[in-house]
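# Summary of the model geometry
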Amino acid sequence: MLYEKKERYPMLEEKFFLVREDVLPEAMKKSLEVKEMLARGKVESIAEAVQKVDLSRSAFYKYRDTVFPFHTMVKEKIMTLFFHLEDQTGALSQLLATVATVGCNVLTIHQTIPLQGKANVTLSLDMSGLKGDINALLSMLKRLEFVDKVEILGTGA
């Protein structure tokens, strides 16, 4: 089953790296600028922000969830994860138990009604008690047999 998931979802073994700014492509740097403008309320829309930094919207959408300032990843203790799950009895319970075993505290849960045997679940987690690192947690969650997809939606203090 794990082999099939790797074929269907090549990002299962996603890793994170710390990279110096001077080696980042210009589009990634500009995406960070856009995120900063949006967070500070300096612009009213993504369209306005990308225009100000001379970046295409498609490039911003490509990088917005993949590049983060170092200080935010270090300081932040809350993470929101999105899951696409197979509808199986006890799946949510097992997912929550897995999160608890690594020291994370569930802050919010949102689950859609299962359609065609699939359901979406969004969890906001307090990561301050995490035993290990985020990559290990994500790998553990992706290996659960009923998990089709895991994405980091965001982090926040």
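Data block above holds the structure.
The following paragraphs examine the structure supplied in this document. This structure is a prediction, so every number in the text was calculated from the model and none was measured.

## Some remarks on the nonpolar core
The biggest cluster of nonpolar side chains holds 22 residues, and the ones touching the most others in it are Leu-81, Phe-83, Leu-95, Cys-104 and Leu-141. For this core, the element with the most residues is strand E1 (residues 78–86), which contributes four residues. Aside from chain neighbours lying at most four places away, what touches Phe-83 is Leu-95, Ala-119, Asn-120, Val-121, Leu-123, Leu-141, Val-147, Lys-149 and Val-150. By size, the runner-up hydrophobic cluster in this structure holds nine residues, among which are Val-43, Ala-49, Leu-55 and Ala-59.

## What about the side chain of Thr-80?
Here Thr-80 shows up in strand E1. At 3.2 Å, the side chain of Thr-80 and the side chain of Ser-124 are in polar contact.

## Some remarks on the environment of Lys-131
Tracing the backbone through its elements, the reader meets Lys-131 in the loop between strand E3 (118–126) and helix H7 (134–142). Take Lys-131: its relative accessible area is 59%, and that puts it in the exposed class. A sequence separation of 30 residues divides Lys-131 from Thr-101, and the C-alpha atoms of the two residues are 8.6 Å apart. Apart from residues lying up to four places away in sequence, Lys-131 is in contact with Thr-101, Val-102 and Gly-103.

## Examining the pairing of E3
In terms of strand pairing, E1 meets E3 through nine bridges, oriented antiparallel. Across the sheet, the residue bridging to Leu-81 is Leu-123, located in E3. For strand E2 (residues 105–111) and E3, the ladder comprises six bridges, and the chain directions are antiparallel. Pairing of His-110 across the sheet is with Thr-122, part of E3. A loop of six residues connects E2 with E3, the two strands running antiparallel in sequence, and Gln-116 in this loop sits at a positive phi of about 50°.

Reading the values: the criteria
Residues numbered from 1 in each chain as written. Predicted model: local features only at pLDDT ≥ 70, side-chain atom pairs only at ≥ 80, totals over all residues. Heavy atoms only, no water. Core = buried A, V, L, I, M, F, W, Y, C linked by side-chain atoms within 4.5 Å. Buried < 20%, exposed > 50% of the residue type's maximum accessible area, 1.4 Å probe, protein only. Helix = DSSP H or I, 4+ residues; strand = E, 2+ residues; numbered from the N terminus. Contact = heavy atoms within 4.5 Å. Polar contact = N/O pair within 3.5 Å; in protein donor to acceptor, adjacent residues only side chain to side chain. Pairing = 2+ DSSP bridges.

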